[in-house]
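Geometric and topological summary
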Amino acid sequence: MTSGTPAAAPHPPSAPATPAVPPTIADVAREAAVSKTTASDALRGHGRVSGPTRRAVLDAAERLGYAPNRSARSLRTSVTETIALHIPEFLTSAEYYMSFVFGVAEQAAHAGLNVTLLSSGHLPHRRAEVPQVDGLVLCDPVAEDPVVEQLMGSGLPVVTAERYVGDRQPTGVIWSDHDASMTELLDHLHASGARRPAFVASDTTGDWALTLQRTHARWCADRGVPEVKEKAPFGSPPSVLRAVVRQLLARTPEIDAIVCAADGAAAAVLPELRAAGRTVGEDILLASCVDSSAMRTAEPPITAVDLRPRTMGAACARLLCEILSGETPKGTVRDLPIELNIRASTRP
(Lines give C-alpha, C1' and ligand atoms only; values in the text may rest on other atoms or scores of the structure.)
Protein backbone atom coordinates (compact mmCIF):
# COMPACT_ATOMS: atom_id res chain seq x y z
CA MET A 1 0.00 0.00 0.00
CA THR A 2 1.47 3.40 -0.94
CA SER A 3 2.49 5.54 1.99
CA GLY A 4 0.05 8.38 2.72
CA THR A 5 -2.89 6.77 0.94
CA PRO A 6 -5.53 5.80 3.48
CA ALA A 7 -7.17 2.48 3.14
CA ALA A 8 -10.76 2.58 1.95
CA ALA A 9 -13.17 1.99 4.79
CA PRO A 10 -15.50 -0.92 4.31
CA HIS A 11 -19.14 0.02 3.48
CA PRO A 12 -21.52 -0.66 6.37
CA PRO A 13 -24.16 -3.29 5.63
CA SER A 14 -27.30 -1.86 4.05
CA ALA A 15 -30.21 -1.42 6.41
CA PRO A 16 -33.26 -3.46 5.45
CA ALA A 17 -35.80 -1.43 3.49
CA THR A 18 -38.63 -0.21 5.63
CA PRO A 19 -41.87 -1.64 4.24
CA ALA A 20 -44.33 0.96 3.03
CA VAL A 21 -46.99 1.60 5.63
CA PRO A 22 -50.41 0.94 4.10
CA PRO A 23 -52.76 3.91 4.17
CA THR A 24 -55.30 4.05 6.95
CA ILE A 25 -58.84 5.36 7.15
CA ALA A 26 -57.37 8.51 8.74
CA ASP A 27 -55.23 9.04 5.64
CA VAL A 28 -58.29 8.69 3.41
CA ALA A 29 -60.23 11.14 5.58
CA ARG A 30 -57.43 13.73 5.35
CA GLU A 31 -57.14 13.27 1.59
CA ALA A 32 -60.88 13.75 1.12
CA ALA A 33 -61.07 16.57 3.72
CA VAL A 34 -63.73 14.80 5.78
CA SER A 35 -63.93 13.26 9.24
CA LYS A 36 -62.92 9.67 9.90
CA THR A 37 -66.54 8.81 10.65
CA THR A 38 -67.72 10.25 7.33
CA ALA A 39 -64.93 8.46 5.45
CA SER A 40 -65.83 5.18 7.13
CA ASP A 41 -69.55 5.58 6.42
CA ALA A 42 -68.85 6.47 2.79
CA LEU A 43 -66.63 3.43 2.26
CA ARG A 44 -69.08 1.12 4.01
CA GLY A 45 -72.06 2.47 2.07
CA HIS A 46 -73.93 3.28 5.27
CA GLY A 47 -75.04 6.42 7.05
CA ARG A 48 -76.30 9.63 5.53
CA VAL A 49 -73.44 10.59 3.23
CA SER A 50 -74.17 12.73 0.20
CA GLY A 51 -73.35 11.46 -3.27
CA PRO A 52 -70.53 14.00 -3.93
CA THR A 53 -68.94 13.31 -0.53
CA ARG A 54 -69.06 9.57 -1.03
CA ARG A 55 -67.46 9.92 -4.47
CA ALA A 56 -64.74 12.17 -3.02
CA VAL A 57 -63.95 9.56 -0.36
CA LEU A 58 -63.92 6.70 -2.88
CA ASP A 59 -61.62 8.70 -5.18
CA ALA A 60 -59.29 9.46 -2.26
CA ALA A 61 -59.19 5.80 -1.27
CA GLU A 62 -58.35 4.82 -4.83
CA ARG A 63 -55.57 7.41 -5.10
CA LEU A 64 -53.99 6.23 -1.86
CA GLY A 65 -54.45 2.56 -2.60
CA TYR A 66 -56.50 2.09 0.56
CA ALA A 67 -57.59 -1.52 1.02
CA PRO A 68 -59.71 -2.10 4.13
CA ASN A 69 -59.57 -5.33 6.06
CA ARG A 70 -62.96 -6.52 4.95
CA SER A 71 -63.12 -9.58 7.18
CA ALA A 72 -62.38 -7.64 10.35
CA ARG A 73 -64.71 -4.82 9.36
CA SER A 74 -67.54 -7.24 8.67
CA LEU A 75 -67.17 -8.68 12.17
CA ARG A 76 -67.34 -5.20 13.70
CA THR A 77 -70.17 -3.77 11.66
CA SER A 78 -72.16 -6.74 10.28
CA VAL A 79 -71.55 -5.30 6.79
CA THR A 80 -70.71 -7.99 4.25
CA GLU A 81 -70.12 -5.71 1.26
CA THR A 82 -72.15 -8.25 -0.70
CA ILE A 83 -75.57 -8.04 -2.27
CA ALA A 84 -77.56 -11.02 -3.47
CA LEU A 85 -79.45 -11.51 -6.70
CA HIS A 86 -82.29 -13.99 -6.99
CA ILE A 87 -83.61 -15.31 -10.28
CA PRO A 88 -85.76 -18.45 -10.48
CA GLU A 89 -83.66 -21.26 -11.96
CA PHE A 90 -86.06 -21.99 -14.80
CA LEU A 91 -85.51 -18.45 -16.15
CA THR A 92 -81.72 -18.46 -16.25
CA SER A 93 -81.52 -19.71 -19.85
CA ALA A 94 -83.39 -16.64 -21.16
CA GLU A 95 -81.25 -13.93 -22.75
CA TYR A 96 -83.09 -11.17 -20.88
CA TYR A 97 -82.17 -12.54 -17.48
CA MET A 98 -78.51 -13.12 -18.33
CA SER A 99 -78.22 -9.52 -19.52
CA PHE A 100 -79.94 -8.44 -16.31
CA VAL A 101 -77.36 -10.34 -14.23
CA PHE A 102 -74.48 -8.61 -16.02
CA GLY A 103 -76.08 -5.24 -15.37
CA VAL A 104 -76.35 -5.95 -11.64
CA ALA A 105 -72.77 -7.28 -11.45
CA GLU A 106 -71.24 -4.32 -13.30
CA GLN A 107 -73.00 -1.72 -11.15
CA ALA A 108 -72.17 -3.56 -7.93
CA ALA A 109 -68.50 -3.78 -8.92
CA HIS A 110 -68.52 -0.05 -9.61
CA ALA A 111 -69.77 0.48 -6.05
CA GLY A 112 -67.16 -1.88 -4.58
CA LEU A 113 -69.66 -4.61 -3.74
CA ASN A 114 -69.68 -8.32 -4.45
CA VAL A 115 -72.70 -10.15 -5.88
CA THR A 116 -73.84 -13.61 -4.94
CA LEU A 117 -76.45 -15.44 -7.00
CA LEU A 118 -79.09 -17.12 -4.89
CA SER A 119 -80.35 -20.40 -6.27
CA SER A 120 -83.86 -21.45 -5.33
CA GLY A 121 -82.68 -24.99 -4.76
CA HIS A 122 -79.97 -24.00 -2.29
CA LEU A 123 -81.68 -21.43 -0.10
CA PRO A 124 -82.31 -22.41 3.54
CA HIS A 125 -85.73 -23.89 4.15
CA ARG A 126 -86.12 -22.52 7.64
CA ARG A 127 -87.61 -19.07 7.61
CA ALA A 128 -85.34 -17.80 10.37
CA GLU A 129 -82.25 -18.29 8.20
CA VAL A 130 -81.53 -15.42 5.84
CA PRO A 131 -78.67 -14.86 3.38
CA GLN A 132 -75.60 -13.20 4.90
CA VAL A 133 -75.71 -10.18 2.61
CA ASP A 134 -76.46 -6.46 2.94
CA GLY A 135 -79.40 -6.38 0.53
CA LEU A 136 -81.27 -8.21 -2.21
CA VAL A 137 -82.24 -7.69 -5.84
CA LEU A 138 -85.22 -9.76 -7.04
CA CYS A 139 -85.86 -10.00 -10.76
CA ASP A 140 -89.57 -10.01 -11.73
CA PRO A 141 -90.65 -11.67 -8.44
CA VAL A 142 -93.70 -13.93 -8.36
CA ALA A 143 -95.90 -13.77 -5.27
CA GLU A 144 -96.65 -17.50 -5.14
CA ASP A 145 -92.95 -18.40 -5.07
CA PRO A 146 -92.12 -19.51 -1.48
CA VAL A 147 -88.47 -18.51 -1.96
CA VAL A 148 -89.51 -14.98 -2.95
CA GLU A 149 -91.82 -14.83 0.06
CA GLN A 150 -88.94 -15.90 2.31
CA LEU A 151 -86.60 -13.26 0.87
CA MET A 152 -89.22 -10.52 1.03
CA GLY A 153 -89.70 -11.33 4.72
CA SER A 154 -85.99 -11.57 5.53
CA GLY A 155 -85.77 -8.07 6.98
CA LEU A 156 -83.07 -7.14 4.45
CA PRO A 157 -83.46 -4.20 2.04
CA VAL A 158 -85.02 -5.54 -1.18
CA VAL A 159 -85.13 -3.87 -4.59
CA THR A 160 -87.33 -5.52 -7.22
CA ALA A 161 -87.20 -5.33 -10.98
CA GLU A 162 -90.90 -4.74 -11.71
CA ARG A 163 -93.53 -4.38 -9.02
CA TYR A 164 -94.20 -7.14 -6.54
CA VAL A 165 -97.85 -8.22 -6.52
CA GLY A 166 -97.68 -9.94 -3.12
CA ASP A 167 -98.62 -8.49 0.26
CA ARG A 168 -95.17 -7.24 1.26
CA GLN A 169 -93.69 -4.00 -0.02
CA PRO A 170 -90.12 -3.96 -1.37
CA THR A 171 -87.65 -1.34 -0.18
CA GLY A 172 -87.29 0.00 -3.73
CA VAL A 173 -88.66 -0.71 -7.21
CA ILE A 174 -87.46 -0.22 -10.78
CA TRP A 175 -90.32 -0.76 -13.20
CA SER A 176 -91.26 -0.14 -16.83
CA ASP A 177 -94.63 0.88 -18.29
CA HIS A 178 -95.58 -2.39 -19.98
CA ASP A 179 -99.19 -1.26 -20.39
CA ALA A 180 -98.03 1.60 -22.60
CA SER A 181 -95.56 -0.53 -24.57
CA MET A 182 -98.11 -3.32 -25.21
CA THR A 183 -100.69 -0.74 -26.27
CA GLU A 184 -98.16 0.80 -28.67
CA LEU A 185 -97.34 -2.62 -30.10
CA LEU A 186 -100.99 -3.56 -30.66
CA ASP A 187 -101.74 -0.14 -32.15
CA HIS A 188 -98.83 -0.62 -34.55
CA LEU A 189 -100.19 -4.01 -35.63
CA HIS A 190 -103.61 -2.49 -36.15
CA ALA A 191 -102.15 0.34 -38.22
CA SER A 192 -100.36 -2.31 -40.30
CA GLY A 193 -103.66 -4.00 -41.10
CA ALA A 194 -104.09 -6.59 -38.34
CA ARG A 195 -107.71 -7.02 -37.21
CA ARG A 196 -107.53 -10.37 -35.38
CA PRO A 197 -104.32 -10.33 -33.27
CA ALA A 198 -103.68 -13.35 -31.07
CA PHE A 199 -101.59 -13.27 -27.91
CA VAL A 200 -99.37 -16.13 -26.72
CA ALA A 201 -99.09 -15.11 -23.06
CA SER A 202 -96.76 -16.27 -20.31
CA ASP A 203 -98.37 -18.32 -17.54
CA THR A 204 -96.28 -16.66 -14.81
CA THR A 205 -97.99 -14.41 -12.28
CA GLY A 206 -95.42 -11.63 -12.04
CA ASP A 207 -96.41 -8.03 -12.65
CA TRP A 208 -94.98 -8.03 -16.19
CA ALA A 209 -96.97 -11.06 -17.37
CA LEU A 210 -100.21 -9.97 -15.71
CA THR A 211 -99.95 -6.43 -17.07
CA LEU A 212 -99.53 -7.69 -20.64
CA GLN A 213 -102.61 -9.90 -20.33
CA ARG A 214 -104.74 -7.09 -18.88
CA THR A 215 -103.60 -4.68 -21.57
CA HIS A 216 -104.35 -7.13 -24.38
CA ALA A 217 -107.84 -7.80 -22.99
CA ARG A 218 -108.55 -4.07 -22.61
CA TRP A 219 -107.22 -3.26 -26.09
CA CYS A 220 -109.41 -5.94 -27.71
CA ALA A 221 -112.47 -4.70 -25.80
CA ASP A 222 -111.79 -1.08 -26.81
CA ARG A 223 -111.39 -2.09 -30.45
CA GLY A 224 -114.38 -4.40 -30.42
CA VAL A 225 -112.34 -7.38 -31.60
CA PRO A 226 -112.40 -10.91 -30.15
CA GLU A 227 -109.78 -11.63 -27.50
CA VAL A 228 -107.73 -14.55 -28.81
CA LYS A 229 -105.21 -15.74 -26.23
CA GLU A 230 -103.29 -18.86 -25.28
CA LYS A 231 -100.92 -19.31 -22.35
CA ALA A 232 -97.60 -21.13 -22.55
CA PRO A 233 -95.40 -22.10 -19.60
CA PHE A 234 -92.53 -19.66 -19.28
CA GLY A 235 -89.33 -21.24 -20.53
CA SER A 236 -91.22 -23.66 -22.78
CA PRO A 237 -89.11 -25.45 -25.40
CA PRO A 238 -89.75 -24.59 -29.08
CA SER A 239 -91.82 -27.74 -29.56
CA VAL A 240 -94.35 -26.62 -26.94
CA LEU A 241 -94.53 -23.09 -28.36
CA ARG A 242 -95.04 -24.42 -31.88
CA ALA A 243 -97.84 -26.68 -30.61
CA VAL A 244 -99.58 -23.66 -29.03
CA VAL A 245 -99.41 -21.74 -32.32
CA ARG A 246 -100.59 -24.81 -34.24
CA GLN A 247 -103.67 -24.96 -32.03
CA LEU A 248 -104.30 -21.24 -32.46
CA LEU A 249 -104.18 -21.49 -36.24
CA ALA A 250 -106.42 -24.57 -36.27
CA ARG A 251 -109.00 -23.00 -33.95
CA THR A 252 -108.96 -19.47 -35.36
CA PRO A 253 -107.47 -19.57 -38.88
CA GLU A 254 -108.58 -15.97 -39.41
CA ILE A 255 -105.96 -14.54 -37.02
CA ASP A 256 -103.67 -12.16 -38.88
CA ALA A 257 -101.11 -11.32 -36.17
CA ILE A 258 -99.43 -13.12 -33.27
CA VAL A 259 -97.77 -11.44 -30.29
CA CYS A 260 -95.55 -13.67 -28.14
CA ALA A 261 -94.79 -12.67 -24.56
CA ALA A 262 -91.80 -14.81 -23.63
CA ASP A 263 -88.18 -14.16 -24.53
CA GLY A 264 -87.34 -15.99 -27.76
CA ALA A 265 -90.83 -17.39 -28.33
CA ALA A 266 -91.62 -15.44 -31.52
CA ALA A 267 -88.51 -16.71 -33.30
CA ALA A 268 -89.24 -20.24 -32.11
CA VAL A 269 -92.69 -20.32 -33.78
CA LEU A 270 -91.54 -19.11 -37.21
CA PRO A 271 -91.18 -22.69 -38.56
CA GLU A 272 -94.76 -23.50 -37.51
CA LEU A 273 -96.12 -20.46 -39.35
CA ARG A 274 -94.22 -21.45 -42.50
CA ALA A 275 -95.45 -25.04 -42.17
CA ALA A 276 -99.00 -23.69 -42.08
CA GLY A 277 -98.38 -21.86 -45.35
CA ARG A 278 -98.34 -18.42 -43.76
CA THR A 279 -95.83 -15.75 -44.78
CA VAL A 280 -94.68 -13.50 -41.95
CA GLY A 281 -94.85 -9.85 -42.93
CA GLU A 282 -97.46 -10.57 -45.60
CA ASP A 283 -100.56 -12.56 -44.58
CA ILE A 284 -99.62 -12.72 -40.90
CA LEU A 285 -97.70 -10.32 -38.66
CA LEU A 286 -95.45 -11.43 -35.81
CA ALA A 287 -94.13 -9.53 -32.78
CA SER A 288 -92.48 -10.12 -29.43
CA CYS A 289 -92.84 -8.47 -26.02
CA VAL A 290 -89.12 -9.04 -25.38
CA ASP A 291 -86.36 -8.06 -27.79
CA SER A 292 -83.27 -10.26 -28.11
CA SER A 293 -80.62 -11.37 -30.58
CA ALA A 294 -83.07 -14.04 -31.80
CA MET A 295 -85.53 -11.30 -32.82
CA ARG A 296 -82.87 -9.25 -34.61
CA THR A 297 -81.40 -12.19 -36.55
CA ALA A 298 -84.67 -13.95 -37.46
CA GLU A 299 -85.77 -14.06 -41.08
CA PRO A 300 -87.58 -11.77 -41.31
CA PRO A 301 -86.40 -9.72 -38.30
CA ILE A 302 -89.13 -9.58 -35.67
CA THR A 303 -90.65 -6.42 -34.20
CA ALA A 304 -90.09 -6.44 -30.43
CA VAL A 305 -90.10 -4.33 -27.27
CA ASP A 306 -86.62 -3.48 -26.03
CA LEU A 307 -86.81 -3.96 -22.25
CA ARG A 308 -83.18 -2.85 -21.77
CA PRO A 309 -82.33 -5.69 -19.36
CA ARG A 310 -78.71 -4.70 -18.73
CA THR A 311 -79.80 -1.16 -17.88
CA MET A 312 -82.58 -2.55 -15.68
CA GLY A 313 -80.11 -4.70 -13.74
CA ALA A 314 -77.74 -1.78 -13.25
CA ALA A 315 -80.60 0.48 -12.14
CA CYS A 316 -81.72 -2.06 -9.52
CA ALA A 317 -78.21 -2.44 -8.11
CA ARG A 318 -77.70 1.33 -8.11
CA LEU A 319 -80.95 1.94 -6.23
CA LEU A 320 -80.08 -0.75 -3.66
CA CYS A 321 -76.65 0.83 -3.09
CA GLU A 322 -78.22 4.26 -2.65
CA ILE A 323 -80.73 2.92 -0.13
CA LEU A 324 -77.99 1.10 1.80
CA SER A 325 -75.89 4.28 1.96
CA GLY A 326 -78.83 6.41 3.06
CA GLU A 327 -78.62 8.62 -0.06
CA THR A 328 -82.10 7.57 -1.21
CA PRO A 329 -85.15 6.96 1.01
CA LYS A 330 -86.80 3.59 1.36
CA GLY A 331 -89.90 3.16 -0.77
CA THR A 332 -88.34 4.82 -3.83
CA VAL A 333 -89.91 3.78 -7.15
CA ARG A 334 -88.23 4.62 -10.45
CA ASP A 335 -89.37 4.23 -14.05
CA LEU A 336 -87.10 2.72 -16.71
CA PRO A 337 -88.18 3.80 -20.23
CA ILE A 338 -88.49 1.05 -22.85
CA GLU A 339 -89.16 1.24 -26.58
CA LEU A 340 -90.65 -0.61 -29.53
CA ASN A 341 -88.26 -1.71 -32.28
CA ILE A 342 -90.27 -2.05 -35.50
CA ARG A 343 -88.92 -4.58 -38.00
CA ALA A 344 -89.94 -6.44 -41.14
CA SER A 345 -92.25 -8.95 -39.44
CA THR A 346 -94.92 -6.26 -38.98
CA ARG A 347 -94.56 -4.43 -42.29
CA PRO A 348 -96.99 -6.04 -44.72
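Our subject is the structure that appears above.
These lines cover the structure that appears in this document, whether it is placed above or below. (Residues numbered from 1 in each chain as written. Predicted model: local features only at pLDDT ≥ 70, side-chain atom pairs only at ≥ 80, totals over all residues. Heavy atoms only, no water.)

**Considerations on empty space enclosed by the protein**
- This structure, assessed with the given rule, holds 3 cavities of 30 Å³ or more.
- Estimates place the volume of the largest cavity at around 120 Å³.
- Taken together, Tyr96, Tyr97, Cys139, Asp140, Ala161, Glu162, His178, Trp208, Phe234, Asp263, Val290 and Leu307 make up the full set of residues lining the largest cavity.
- Tallied by class, residues from the lining of the largest cavity come to 8 nonpolar, 1 polar and 3 charged. (1 Å grid on protein atoms, 1.4 Å probe; cavity = no way out; pocket = protein on both sides within 12 Å on 5 of 7 lines; lining within 4 Å. Points joined across faces, edges and corners; volume = space filled by probe spheres on them. Nonpolar A, V, L, I, M, F, W, Y, C, P; charged D, E, K, R; others polar.)

**As for the nonpolar core**
- With 76 residues, the main nonpolar core has Phe100, Trp208, Ile258, Val259 and Leu286 as its most contacted residues.
- In terms of residue count, the dominant contributor to this core is helix H13 (residues 309-325) (9 residues).
- Among all residues touching valine 259, those that are not within four sequence positions of it are Met182, Leu185, Leu186, Leu189, Ala198, Phe199, Val200, Ala287 and Cys289.
- Grouped together as the second largest cluster of nonpolar side chains are 13 residues, Ala84, Leu138, Val147 and Val148 included. (Core = buried A, V, L, I, M, F, W, Y, C linked by side-chain atoms within 4.5 Å. Buried < 20%, exposed > 50% of the residue type's maximum accessible area, 1.4 Å probe, protein only. Helix = DSSP H or I, 4+ residues; strand = E, 2+ residues; numbered from the N terminus. Contact = heavy atoms within 4.5 Å.)

**Concerning the packing of aromatic side chains**
- All told, the structure shown has 4 aromatic pairs when counted by the stated rule.
- Summarising the aromatic geometry, the rings of tryptophan 208 and phenylalanine 234 are spaced 6.2 Å apart at their centres and angled 80° between planes, so their arrangement reads as edge-to-face. Of this pair, tryptophan 208 sits in helix H8 (residues 207-223) while phenylalanine 234 sits in the loop between strand S7 (228-232) and helix H9 (238-251), and the two are 26 residues apart along the sequence.
- An aromatic cluster is built from Tyr96, Tyr97, Phe100, Trp208 and Phe234, whose rings are joined through pairwise contacts.
- We note arginine 163 situated over the ring of tryptophan 175; from NZ or CZ to the ring centre the distance is 3.9 Å. (Phe/Tyr/Trp six-rings, centres within 6.5 Å; stacked < 30°, edge-to-face > 60°. Lys NZ or Arg CZ within 6 Å of the ring centre and 35° of its normal.)

Worth remembering: the numbers are spatial, not functional.
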